[in-house]
Amino acid sequence: MSDAALNPETPETPEETEEEPIKQRKNGLYPGVSDELAENMKSGWADTELHDLRPIPQAENTAARRAALSARFPGERLVIPAGNLKTRSNDTEYAFRASVEYAYLTGNQTEDGVLVMEPTKSGHDATIYLLPRSDRENGEFWLDGQGELWVGRRHSLTEAEKLYGIPASDVRELAGALREATGPVRVVRGYDAGIEAALTDKVTAERDEELRVFLSEARLVKDEFEIGELQKACDSTARGFEDVVKILDKAEATSERYIEGTFFLRARVEGNDIGYGSICAAGPHATTLHWVRNDGPVRSGELLLLDAGVETHTYYTADITRTLPINGRFNELQKKIYDAVYEAQEAGIAAVKPGAKYRDFHDASQRVLAEKLVEWGLVEGPVERVLELGLQRRWTLHGTGHMLGMDVHDCAAARRESYVDGTLEPGMCLTVEPGLYFQADDLTVPEEYRGIGVRIEDDILVTEDGNRNLSESLPRRSDEVEAWMARLKG
């Protein structure tokens, strides 16, 4: 990675400039910039303004979402930031991902952006505040570490207006304007400390939490654009799982990281990124729910629990799990446990339908698993007693699913009565993911069970007449899994 160039000498007093001086790198190789070079860099650049831009595909959807937000908070100024770059180490940053609230309402994904909804008599006027093109007169575009010469071109404010269908202004002027603002204000907290500081005497935690909760609950029911993106994410994820099956021999020669890297390649080629840290858990690591170290061995005869999802360019993620026999064939005990989890998932998926309670699919899956544990003699029945006391949870561990969307655990700030204690509606998308996990040090089960973990997870859309499995292209039944793996391995 190259050093950014050094800025001209800093003025002796702040009064000599209206702009904050560009920071220079302490150990940069150039001591300064000559007047001749500074003048040379101002000219000789082609006009790159884009004139034939069309609105982003979801522009009508984001407009409808802003209208719903406006109706919920009439007469109040609403401030939704994208967030800022976060330092990874020293002068390098993590890849930026805009806040879900901001991206959901605008479709924009650039750092430092802020959506402001100004109240009017008839609703709100929306403005998207962004960094404009880099200034060539003051040298910012080539002297600043975040100048366009170093990190790439950004859209002009005029281009942004065409893309997002929202008037655009310079975000560098926003904090000052917000400090002078009057009237009720709400802000989505946790993303932009500078914007929050400008509003510190105008907002309250309670009112801001109401805004966050509304934006979380607004995402419970997906529109057609969102459903299409979730399907796209599932389809790419299925191809990523196929990629993994084809390289299992290479993973055996190396480690779980070969699996992680293989899936990541598919995510980056077809999408924006992975939607969350991939769980590539081989052997006893499959019993650790969030095994993301992915540094263990991959051994023939054991199982691989692969929990991974491709995130689309618009931030919608799949969340799919398959448990695969590394050598392509389940042994007798592995198959027994796998088939029990499959039966539990089938019961859970069948319970997903409009009008059902959200908890129904969890209860249906847990009942099947409790029955199996009693049948195998691992816990004392009857089943009703096991469920009442939650005794099955020693081996089932987690809830059977969650909402899915722009966050892998979507709508997390929603009220309980709207989410976990709520009712399913068409357009909701959730995971159904029962599992059984027998820890390697669990002395309450026979030795042959220890170190076996199985989870099967699919992404289920609630429809008008039931449900649709968005990830159905990946086989689930044990015999189908074996046939699929054999076919992919040639």
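Bear in mind that the values here come from a model prediction, so they are computed numbers and not experimental data.

Enquirer: Before we move on, can you summarise the overall build of the protein with the specific residues and values?
Expert: Looking only at helices and strands, one finds 17 helices and 17 strands in the protein. Each principal axis of the C-alpha distribution contributes one length, and for the protein these read about 80 × 55 × 40 Å. Counting all 490 residues of the protein, 50% fall into the buried class. Restricting to contacts in the protein with at least 6 residues of sequence separation, those with at least 24 account for 69%. Surface summary for the protein: the accessible area is close to 23600 Å², and the carbon and sulfur share equals 49%. Computed over 57 positive and 89 negative side-chain charges, the inter-centroid distance for the protein is 4 Å.

Enquirer: Go over the UniProt feature "domain: Aminopeptidase P N-terminal" (unreviewed entry) in the protein, please, and point to the residues and values.
Expert: Mapped onto this structure's residue numbering, the UniProt feature "domain: Aminopeptidase P N-terminal" (unreviewed entry) falls at residues 56-196. For residues 56-196, the helix share is 34%, the strand share is 22%, and the end-to-end C-alpha distance is 29 Å.

Enquirer: Hey, could you go over the side chain of D243 for me, with residue numbers and the actual values?
Expert: Among the structural elements, D243 can be located in helix α10 (residues 224-246). For D243, a relative accessible area of 16% gives the class buried. Apart from the residues lying within four places of it in its own chain, the contact partners of D243 are T262 and R266.

Enquirer: How would you summarise the sheet that holds strand β4 (residues 114-120) if you had to cite specific residues and measurements?
Expert: With mixed pairing, 5 strands are arranged side by side in an open sheet as β6-β5-β4-β1-β7. At either end of the open sheet lies a strand with only one pairing partner, and these are β6 (168-170) and β7 (185-187). Going across the sheet, the axis of each strand differs from the next one's by a mean of 25°, ignoring polarity. In this sheet, strand β5 (residues 123-130) lies alongside β4 in antiparallel orientation, the contact comprising 7 bridges. By the bridge assignment for β5, P119 is matched with H124. Here helix α2 (residues 59-72) sits on the sheet and contacts β1 (77-81), β4 and β5; the angle it forms with β4, its principal contact strand, is near 50°.

Enquirer: Give me the nonpolar core: which residues, what numbers.
Expert: Across soluble globular proteins, you tend to see nonpolar side chains buried next to one another. L69, I80, I259, I337, W376, L436 and F438 are the most contacted members of the largest nonpolar core, which has 94 residues in total. When residues of this core are assigned to their parent elements, the largest contribution, 9 residues, is made by α10. With sequence-adjacent residues up to four places away left out, W376 is seen in contact with K336, I337, A340, L436, F438 and Y449. A356, M428, V432 and V462 belong to the second largest nonpolar core, which has 17 residues in total.

Enquirer: Tell me about the sheet that holds strand β16 (residues 458-463), and please be specific about residues and values.
Expert: Strand pairing within a sheet occurs via backbone hydrogen bonds; the two strands may be parallel or antiparallel. With antiparallel pairing, 3 strands are arranged side by side in an open sheet as β13-β16-β17. Of all the strands in the sheet, the pair left with one neighbour each is β13 (429-432) and β17 (466-469). The average angle at which neighbouring strand axes cross in this sheet is 40°, direction not considered. Two elements, β16 and β17, share 4 bridges in a ladder whose sense is antiparallel. Bridging across to β17, T463 finds its partner in G466. Sitting on the sheet, helix α13 (residues 332-350) is in contact with β13, β16 and β17, with an inclination near 155° to β13.

Enquirer: Explain the environment of E371 to me, and be specific about the residues and the numbers.
Expert: Looking at where E371 falls in the secondary structure, it is placed in helix α14 (residues 360-375). Take E371: its relative accessible area is 33%, and that puts it in the partly exposed class. The spacing of E371 and N40 is 331 residues in sequence and 78 Å in space, taken between C-alpha atoms.

Enquirer: Kindly report on the packing of α13 against α14, identifying the contributing residues and their values.
Expert: Look at α13 against α14: their axes get within 7 Å of each other, and the N-to-C directions meet at 155°. By the angle between their directions, the pair α13 and α14 is classed as roughly antiparallel. Here α13 and α14 pass one another in a crossing that is right-handed. Residues A340, V341, E343, A344, Q345, A347 and G348 of α13 form the contact with α14, whose own contacting residues are F361, A364, S365, V368, L369 and K372. Of the residues contributing to the contact of α13 with α14, the split by class is 8 nonpolar, 3 polar and 2 charged.

Enquirer: How would you explain the pattern of salt bridges if you had to name every residue and give the values?
Expert: What the rule picks out here adds up to 39 salt bridges. The partner of D407 in a salt bridge is R219, with the nearest N and O atoms 3.8 Å apart. Of this pair, D407 sits in the loop between α16 (393-396) and β13 while R219 is found in the loop between α9 (205-217) and α10, placing the two residues 188 residues apart along the sequence. Overall, the relative accessible area of 28% leaves D407 in the partly exposed class. Taking relative accessible area as the criterion, R219 reaches 4% and is therefore assigned buried. A salt bridge links R266 to E270, with the shortest nitrogen-to-oxygen separation between them at 2.6 Å. Placement of both R266 and E270 in helix α12 (residues 256-270) is noted, with a separation of 4 residues, approximately one turn of the helix. One network of salt bridges, in which partners are shared, links E76, R186, R207 and E210.

Enquirer: Please set out the packing of aromatic side chains residue by residue, giving values where relevant.
Expert: Considering all chains together, one arrives at 8 aromatic pairs under this definition. An angle of 85° between the planes, with centres 5.8 Å apart, marks the rings of F73 and F214 as edge-to-face. With a gap of 141 residues between them, F73 in the loop between α2 and β1 and F214 in helix α9 connect regions that are remote in the sequence. According to the relative accessible area criterion, F73 is buried, its value standing at 0%. Measuring from ring centre to ring centre gives 5.9 Å for F241 and F263, while their planes differ by 90°; the resulting arrangement is edge-to-face. With F241 in helix α10 and F263 in helix α12, this pair connects stretches of sequence that are 22 residues apart. F263 shares its class with F241; the two are buried. Cluster of aromatic residues (ring-pair linked, three or more members): Y358, F361 and Y419. Taking NZ or CZ as reference, R97 lies 4.2 Å from the ring centre of Y315, over its face. If you follow R136 out to its NZ or CZ, it ends over the ring of F141, 4.4 Å from the centre.

Basis of the calculations
Residues numbered from 1 in each chain as written. Predicted model: local features only at pLDDT ≥ 70, side-chain atom pairs only at ≥ 80, totals over all residues. Heavy atoms only, no water. Helix = DSSP H or I, 4+ residues; strand = E, 2+ residues; numbered from the N terminus. Buried < 20%, exposed > 50% of the residue type's maximum accessible area, 1.4 Å probe, protein only. Contact = heavy atoms within 4.5 Å. Areas by Shrake-Rupley, 256 points an atom, 1.4 Å probe, with all protein chains shown as cover. Lys, Arg positive; Asp, Glu negative; His and termini not counted. Charge placed at Lys NZ, Arg CZ, Asp CG, Glu CD. UniProt positions renumbered as here; feature names shortened; annotations may be inferred. Pairing = 2+ DSSP bridges. Axes fitted to C-alpha atoms, helices over the stretch in contact; angles between N-to-C directions. Core = buried A, V, L, I, M, F, W, Y, C linked by side-chain atoms within 4.5 Å. Parallel < 35°, antiparallel > 145°, perpendicular 65-115°, else oblique. Left-handed = near helix turned anticlockwise from the far one by under 90°. Nonpolar A, V, L, I, M, F, W, Y, C, P; charged D, E, K, R; others polar. Salt bridge = Lys/Arg side-chain N within 4 Å of Asp/Glu carboxyl O. Phe/Tyr/Trp six-rings, centres within 6.5 Å; stacked < 30°, edge-to-face > 60°. Lys NZ or Arg CZ within 6 Å of the ring centre and 35° of its normal.

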